[in-house]
Amino acid sequence: MPGPQRLPSALLALVAQAVAVVAVGGLAIALHHLAPLPFWIVLAGIVAALLSRRLRLPSWWQAINLAFPPLLGLALQSSIDPAWYLAGFLLLALTSSGVIRTRVPLYLSSPRAAEELAARLPAHAHLLDLGCGLGGPLARLQRLRPDASLEGVEAAPLNWLISRLRLGRRARVHLGSLWDADLSACDVVYAYLSPAPMARLWEKARGEMRPGSLFISNTFAVPGVAPDEEVELNDLSHARLLIWRMR
Ligand SMILES: C[S@@+](CC[C@H](N)C(=O)[O-])C[C@H]1O[C@@H](n2cnc3c(N)ncnc32)[C@H](O)[C@@H]1O
């Protein structure tokens, strides 16, 4: 029988939150004379966090479920125009709607990452950024290595559009899935994703990349495969580049 961990974490977190709100909401209606509303709201957060823990969700989901009812209560009391919430939702949907499926959120490489990539690119090399986000690394590489041929692939429509507008004709940026990208013509493949896709991505890289080409992951390791080189970026997020030379 499938255990709870086989369901997506986001779905389990939603269930925990819903159960907590319904249960504590029922108690609050029945016993409202015993405590003020903020007490019940905080209690709902605590119950949601405990349920998330019971479902063995990662600690950040527990923290989100703990904070959600109080933040919702504050938001409902504030005089913020509801249009801002709609705008925020649309922005999230356009930049990160795939995150539940891909488990890869949007965060950005530091300028140091692009500098280290630039230093490792062979002359006239072809580099592909898998999940190129807002195009920051490609834009910096354009400036640092005008000889290189640069390409990106991005699944989120707004991120892709921003990259496209930012990079113009100087780099090719495709809207689509990185799993459909052909890695066989790349001298360097760069990925700044999350732990979730790394094992599968390594299999794809091994199957498609040429001997001597470089597979470079910002921060996230390939399970069970030591990199040939590690470069500390000494940036704010203490990121590092993990570099594999394909054989
Ligand atoms: C952590 S961001 C990195 C952005 C950029 N490479 C950088 O270093 O600044 C990861 C990006 O990969 C995109 N992404 C995640 N899964 C993807 C997939 N399967 N195909 C294409 N893009 C994907 C996300 O939308 C996000 O923009």
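One can find the structure itself at the top, above this paragraph.
Residues numbered from 1 in each chain as written. Predicted model: local features only at pLDDT ≥ 70, side-chain atom pairs only at ≥ 80, totals over all residues. Heavy atoms only, no water.

J.: Lay out helix H1 (residues 9-30) with the relevant residues and their values.
T.: An α-helical segment advances 3.6 residues per turn. Residues three or four places apart therefore align on the same side. Between its terminal C-alpha atoms H1 stretches 32 Å, which fits the 32 Å expected from 22 residues at 1.5 Å a residue. For H1, every residue scored as buried is listed here: Leu12, Ala13, Ala16, Gln17, Ala20, Val24 and Ala28. Each buried residue of H1 lies within a common arc of 135° when the element is viewed along its axis, so the set occupies one face. Among the exposed residues of H1, those pointing more than 90 degrees away from its buried face are Leu14, Val22, Ile29 and Ala30. In this structure, the buried residues of H1 make contact with helix H2 (37-54) and helix H3 (59-77). (Helix = DSSP H or I, 4+ residues; strand = E, 2+ residues; numbered from the N terminus. Expected span 1.5 Å × (residues − 1). Buried < 20%, exposed > 50% of the residue type's maximum accessible area, 1.4 Å probe, protein only. Arc of directions from axis to C-beta. Contact = heavy atoms within 4.5 Å.)

J.: Kindly report on the packing of aromatic side chains, identifying the contributing residues and their values.
T.: One pass over the full model with this rule turns up 8 aromatic pairs. Ring geometry for tyrosine 192 against phenylalanine 220: centres 6.1 Å apart, planes inclined by 25°, an arrangement best described as stacked. In this pair, tyrosine 192 sits in the loop between strand E4 (188-191) and helix H9 (198-208) while phenylalanine 220 sits in the loop between strand E5 (214-218) and strand E6 (229-232), placing the two residues 28 residues apart along the sequence. Both residues of the pair, tyrosine 192 and phenylalanine 220, count as buried. The rings of Tyr107, Tyr192 and Phe220 are connected pair by pair, giving a single aromatic cluster. (Phe/Tyr/Trp six-rings, centres within 6.5 Å; stacked < 30°, edge-to-face > 60°.)

J.: I'd like to hear about the nonpolar core, residue by residue, with values.
T.: The biggest cluster of nonpolar side chains holds 47 residues, and the ones touching the most others in it are Leu130, Leu183, Leu201, Phe215, Ile216 and Leu241. Ignoring sequence-local partners within four residues, the contact set of leucine 183 consists of Leu128, Leu130, Val189, Lys204, Ala205, Glu208 and Met209. One finds Val24, Ala28, Trp40 and Ala44 within the second-largest nonpolar core, a separate group that totals 5 residues. (Core = buried A, V, L, I, M, F, W, Y, C linked by side-chain atoms within 4.5 Å.)

J.: Kindly report on the side chain of histidine 126, identifying the contributing residues and their values.
T.: As for its placement among the helices and strands, histidine 126 is situated in strand E1 (residues 126-130). By relative accessible area, histidine 126 is classed as buried at 10%. Within the local environment of histidine 126, its side chain forms a polar contact with the side chain of serine 149, the two groups lying 2.6 Å apart. If near-sequence neighbours (up to four positions away) are discounted, histidine 126 is found in contact with Ser149, Glu151, Arg172, Ala185, Cys186, Asp187 and Val188. (Polar contact = N/O pair within 3.5 Å; in protein donor to acceptor, adjacent residues only side chain to side chain.)

J.: Summarise helix H7 (residues 136-144); cite the residues concerned and give the values.
T.: Those residues of H7 not exposed but buried are Gly136, Pro137, Leu138, Ala139, Leu141 and Gln142. Contacts made by the buried residues of H7 are with helix H6 (111-120), E1, strand E2 (149-154), helix H8 (157-167), strand E3 (171-175) and E4.

J.: Mind laying out the site of the ligand, listing which residues take part and the relevant values?
T.: Near the ligand you find 23 residues, and of these Ser109, Gly131, Glu154, Leu178 and Tyr192 are the closest. Here an oxygen atom of the ligand sits 2.6 Å away from a polar atom, N or O, in the side chain of glutamate 154. A distance of 2.8 Å separates a nitrogen atom of the ligand from a polar backbone atom of leucine 178. Protein burial of the ligand: of its 600 Å² of free accessible surface, 96% is covered by the chains. For the shell around the ligand, the per-class residue count stands at 14 nonpolar, 7 polar and 2 charged. (Near = heavy atom within 4 Å. Areas by Shrake-Rupley, 256 points an atom, 1.4 Å probe, with all protein chains shown as cover. Nonpolar A, V, L, I, M, F, W, Y, C, P; charged D, E, K, R; others polar.)

J.: Run through the sheet that holds E3, naming residues and quoting values.
T.: Within the open sheet, the 7 strands sit side by side as E3-E2-E1-E4-E5-E7-E6. Their pairing is mixed. With one partner strand each, in any of the chains shown, E3 and E6 form the two edges of the open sheet. Each strand of the sheet is rotated relative to its neighbour by a mean of 20°, with strand direction disregarded. Looking at chain direction, E5 and strand E7 (residues 240-245) are connected through 5 bridges and run antiparallel. Among the inter-strand pairings, asparagine 218 is bridged to a residue of E7, identified as leucine 241. Lying on the sheet, H8 is in contact with E2 and E3; it crosses E3 at an angle near 165°. (Pairing = 2+ DSSP bridges. Axes fitted to C-alpha atoms, helices over the stretch in contact; angles between N-to-C directions.)

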